[in-house]
Amino acid sequence: MRWFALFITLLCANALLANLPLRDCTLSVSASGVPVPQERLKPYLRGNLVVLNARGFIFEPPAAKSIKAEPTDDISTPFRTAINYHRAIRTQGPEEIARYWHPSYRKQMQAYFSRPEILSGAKEKLSATDNIDSMGMLELDNRAVMYVRYGGRTQAFVCVKVGDEYLLVNDPGTKTLNQIACAAFDSGRVEMASN
């Protein structure tokens, strides 16, 4: 049974990487489990549940990916960008880390990671982490958002496509949607249509 689950995980990962059509996904979680003011949740409330519908791809079970290796600089998919970004934080300096960000954010991110307490804290957090779990990807507001879990929490990494590459952006416009999705991955229900 474990080999079958591994086969399905690898098949799903390859499907995402091959840019196959995305599927309808439904993410739901108790409203009390989403750290967002009720006013911002209103469009997504269904009784006491918060429901988010989006196109995407969910890894079932989550796909574990090692971040112990050196980054490959391959950012041809949101999945690869997220993995290599974490690898860069673990092993490289501010300039290399900033390379995974959209050019409009690179100077800002290089300055951010040049602060010794920020870089050492990020490296310390990830040095104790061998793998991150890829939970899935959603298409939100023309953004490809990768959801990865480590340290017991799912986090969102928002990417935009530039040419043949996916680069990270800081997008406040998707913040509420990402908070709903992260809460659903951590303590709610996530479903993907079969086709």
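What counts and how
Residues numbered from 1 in each chain as written. Predicted model: local features only at pLDDT ≥ 70, side-chain atom pairs only at ≥ 80, totals over all residues. Heavy atoms only, no water. Helix = DSSP H or I, 4+ residues; strand = E, 2+ residues; numbered from the N terminus. Polar contact = N/O pair within 3.5 Å; in protein donor to acceptor, adjacent residues only side chain to side chain. Contact = heavy atoms within 4.5 Å. Buried < 20%, exposed > 50% of the residue type's maximum accessible area, 1.4 Å probe, protein only. Pairing = 2+ DSSP bridges. Salt bridge = Lys/Arg side-chain N within 4 Å of Asp/Glu carboxyl O.

### Observations concerning the side chain of Arg87
Move 1: Relative to the assigned elements, Arg87 resides in helix α3 (residues 78-91).
Move 2: In this structure the side chain of Arg87 is engaged in a polar contact, spanning 2.9 Å, whose partner is the backbone oxygen of Ser66.
Move 3: When residues no more than four places from it in sequence are discounted, the contact partners of Arg87 are Lys65, Ser66, Ile67, Ala69, Glu70, Pro71 and Thr72.

### Comments concerning the environment of Ala193
Move 1: Position of Ala193 relative to the elements: it lies in the segment after β8 (189-192).
Move 2: With relative accessibility at 29%, the residue Ala193 sits in the partly exposed group.
Move 3: Residues Ala193 and Ile58, 135 residues apart in the sequence, show an inter-C-alpha distance of 9.5 Å.
Move 4: Those residues in contact with Ala193 that lie beyond four places of it in its chain are Arg23 and Asp24.

### With respect to the pairing of strand β1 (residues 23-30)
Move 1: In terms of strand pairing, β1 meets strand β3 (residues 49-66) through eight bridges, oriented antiparallel. Paired with Leu27 across the two strands is Leu52, which belongs to β3.
Move 2: In this structure, β1 lies alongside β8, joined through four bridges in antiparallel fashion. Its bridge partner lying in β8, Ser28 is registered against Arg189.

### Points about the pattern of salt bridges
Move 1: As enumerated under the stated definition, the model contains eight salt bridges in all.
Move 2: Across the salt bridge formed by Glu165 and Arg99, the nearest N and O atoms sit 3.6 Å from each other. With Glu165 in strand β7 (residues 165-168) and Arg99 in the loop between α4 (94-98) and α5 (103-114), this pair connects stretches of sequence that are 66 residues apart.
Move 3: Given a relative accessible area of 26%, Arg99 falls into the partly exposed group.
Move 4: The residue Asp186 makes a salt bridge to Arg149 at a minimum N-O spacing of 3.1 Å. With Asp186 in helix α7 (residues 175-187) and Arg149 in strand β5 (residues 143-150), the pair connects residues that are 37 residues apart, well separated along the chain.
Move 5: We classify Asp186 as partly exposed; its relative accessible area is 34%.

### Here we look at unusual backbone geometry
Move 1: For the peptide bond that leads from Glu60 to Pro61, omega is 0 degrees, which places it in the cis range.
Move 2: Positive phi, normally seen in glycine, also occurs at Asp73, with a value near 65 degrees.
Move 3: Relative to the helices and strands, Asp73 is located in the loop between β3 and α3.
Move 4: Among the residues examined, Asp73 registers a relative accessible area of 42% and is labelled partly exposed.
Move 5: Look at Asp141: it is not a glycine, yet its phi comes out positive at around 55 degrees.
Move 6: As for its placement among the helices and strands, Asp141 is situated in the loop between β4 (131-140) and β5.

### Comments concerning the environment of Leu167
Move 1: Within the secondary structure, Leu167 sits in strand β7.
Move 2: Classification of Leu167 as buried rests on a relative accessible area of 2%.
Move 3: Here the alpha-carbon distance between Leu167 and Thr77, two residues 90 residues apart in the chain, equals 9.1 Å.
Move 4: Once you skip the residues sitting within four places of it in the chain, Leu167 turns out to touch Ile75, Arg99, Tyr100, Trp101, His102, Pro103, Arg106, Val158, Cys159, Val160 and Val162.

Remember that the coordinates give geometry; whether it matters functionally is a separate question.
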